[in-house]
Amino acid sequence: MTTFLSATQIHDGKRWLPEGSVIEIDDEGVIEAIHVAGVIPEDQLQFYKGIICPGFVNAHCHLELSHMKGLIGEGTGLTGFLKDVMLLRNGQTETEKEEALLAAIREMEANGIVALGDIANGTDTLKHRSSANFHIHTFVESTGFTEQNAAIRFQGSEKVYHTFEQQSLQPTQNILRQSIVPHAPYSVSATLLSLIDQFDTDARLSIHNQETQAENNFFYDASGDFNLFYQTFGIDHSFFKPSGKTSLQTLLPLISETHPLILVHNTFMSPEDISFIKQQNRSVYFCLCPNANWYIERKLPDIDLLAGSGLTICIGTDSLASNHQLSVWEELNTIRSHFDNIPLEELIRWATINGAEALGLQQTVGSLEAGKRPGLIHIDHSGNIRILYSSIGSK
C-alpha cells in the first residue's frame with residue numbers, strides 16, 4: 001500500500017523541497033517517488049505541521065559507556081575526563097551496564113537515529129547490535145602509546161574485530177559493518193598506527209582529533225597536561241619526540257590516503273590544519289559533537305571555520321559519560337544557539353546525508369530518493385520528534 005505525505009517543510013537530506021511537495025512511500029518505508037505540489041489530490045495526503053526529513057545519522061557514539069551517565073562531572077577538561085573514564089568505567093555490574101546500554105539504544109531509536117558510528121573497545125554491544133533498529137558501523141578502537149606492546153594491543157583489537165565481523169556475516173535486519181581504528185594521536189604509537197593502517201587499506205577510520213589544546217601542546221613541544229596523565233597511569237613517555245606541529249599534521253601523513261577518515265571533535269582545529277588536509281588527496285569528514293565538547297572542555301569548535309572549509313561535516317553525540325542525551329537534534333540545537341548564521345537547511349544536511357556518506361551508508365539512508373529506505377521523522381514546531389517510518393522495516 002502506498003501513502004502520500006506532506007508537511008509545512010520537507011527536507012530531502014540535501015535541501016528543502018519546494019512548498020507543497022509530496023513523499024510517496026510504501027508500507028515498508030521505501031521511498032517510491034517525490035511529487036511536486038498539486039499532483040496528488042489533497043484528500044489523499046497525510047499532512048504534518050512542522051518538518052519531515054530522513055532519519056538522523058549519529059556518526060560518533062560510545063554505546064559501551066552508557067552506564068557512566070552522570071558519573072563524571074562537567075568541565076573537567078579532557079585529561080581529567082579520560083582519567084575518570086579509566087577509573088570509573090568498571091564500577092558497575094554487568095547487569096547494570098547492559099540495562100544502560102539497552103536504554104541508550106531505545107533512546108536513540110526514539111530520537112530518530114537510523115544509523116550509528118559506534119566506538120567499541122570490547123564486545124559489550126555485540127549482543128544487542130543486530131537487534132537495534134538502526135544500522136551500525138562499529139569502530140573497534142585500538143590504543144597503546146608505547147611501542148613495546150603494539151603487536152599485543154593490535155592482536156586484542158583484531159580479536160574483537162573478528163567477533164563483530166562474524167556477526168555481520170549472519171543474516172540481520174540491519175546493516176552491520178566494522179573496522180579497526182586508532183583512538184587518538186596521543187594514545188597510539190607509530191607501530192600500532194601502522195598495523196591499523198595496513199590491516200585493511202580501504203577501511204573507514206575514525207579518530208578523536210584535537211579535542212583539547214593540551215593535545216596540540218604535547219605534539220608541539222611535549223608540554224601540558226598529557227605529561228601528568230601519562231604519569232598517573234604509569235606510562236613511560238620519555239621516548240616521545242615532539243614534532244613541532246599540531247597533532248593532526250603529525251599524525252595524518254602516517255595514515256594512507258586510501259582510508260575514508262572521520263575526524264571527531266576538531267575543537268581546536270586551525271585554518272592551517274584545514275589547509276594541510278586540503279593539500280592531500282583523501283576523503284575527510286569532520287564529525288561535530290558540540291554537547292560533549294561543552295560538557296568536557298566548556299569549549300565549542302569554530303564551526304564557522306569548519307563550515308567554510310568546503311569539507312563535509314557530520315554530527316555525533318559522543319557518549320552518555322559526556323552528554324545528557326543521545327539526540328542528534330539536540331546537537332543541532334546547540335549549534336544553532338551559538339552559530340545562528342548557519343541555516344537549518346545546512347544543519348539537517350549534516351545530520352542526514354553527510355553522516356550517511358561518512359559511514360558509507362548513503363545508498364540506504366540519508367536522503368529521500370526512490371528505492372531508498374532512509375527512515376522518516378516528523379519534527380513538530382516544539383521540536384518533538386515522531387518516528388513515521390523506520391529504516392529497518394515497517395512502521
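Computed from a predicted structure; not experimentally measured. (Residues numbered from 1 in each chain as written. Predicted model: local features only at pLDDT ≥ 70, side-chain atom pairs only at ≥ 80, totals over all residues. Heavy atoms only, no water.)

**Student:** A description of the environment of R204 should follow, citing residues and the corresponding values.
**Tutor:** One can find R204 in the loop between helix 5 (190-199) and strand 9 (205-209). Overall, the relative accessible area of 18% leaves R204 in the buried class. Separated by 186 residues in the primary sequence, R204 and P18 place their C-alpha atoms 35 Å from one another. If sequence neighbours within four positions are ignored, R204 has contacts with H137, F139, S179, V181, P260, Y285, E357, A358, L359 and G360. Polar side-chain contacts of R204 include one of 2.9 Å to the backbone oxygen of A358. (Helix = DSSP H or I, 4+ residues; strand = E, 2+ residues; numbered from the N terminus. Buried < 20%, exposed > 50% of the residue type's maximum accessible area, 1.4 Å probe, protein only. Contact = heavy atoms within 4.5 Å. Polar contact = N/O pair within 3.5 Å; in protein donor to acceptor, adjacent residues only side chain to side chain.)

**Student:** Give a detailed account of the pairing of strand 1 (residues 2-10), specifying residues and quantitative values.
**Tutor:** Both strand 1 and strand 2 (residues 22-26) contribute to a ladder of four bridges, which runs antiparallel. Counted as the bridge partner of T2 is D26 from strand 2. (Pairing = 2+ DSSP bridges.)

**Student:** Quick rundown of the environment of E158? Include the residues and the values.
**Tutor:** The topology assignment puts E158 in helix 4 (residues 150-168). You can call E158 partly exposed: its relative accessible area is 25%. The spatial distance from the C-alpha of E158 to the C-alpha of E28 is 36 Å, given a sequence separation of 130 residues. Discounting residues that sit within four places of it in the chain, E158 has contacts with I180 and F199.

**Student:** Help me get a handle on the sheet that holds strand 11 (residues 284-288), residues and values and all.
**Tutor:** Spatial strand order, 9-10-11-12: four strands in an open sheet with parallel pairing. Two strands in the sheet have a free side with no partner beyond their single neighbour: strand 9 and strand 12 (312-315). Across the sheet, the axes of successive neighbouring strands diverge by a mean angle of 30°, strand direction being ignored. In this sheet, strand 10 (residues 261-265) lies alongside strand 9 in parallel orientation, the contact comprising five bridges. Looking across to strand 10, one finds that L205 is bridged to L261. (Axes fitted to C-alpha atoms, helices over the stretch in contact; angles between N-to-C directions.)

**Student:** Report on helix 5, specifying residues and quantitative values.
**Tutor:** Looking at helix 5, one finds that the buried residues are L192, L193, I196 and D197. The buried residues of helix 5 all sit within an arc of 135° when viewed along its axis, so they share a single face. (Arc of directions from axis to C-beta.)

The analysis is restricted to geometry; functional conclusions fall outside its scope.
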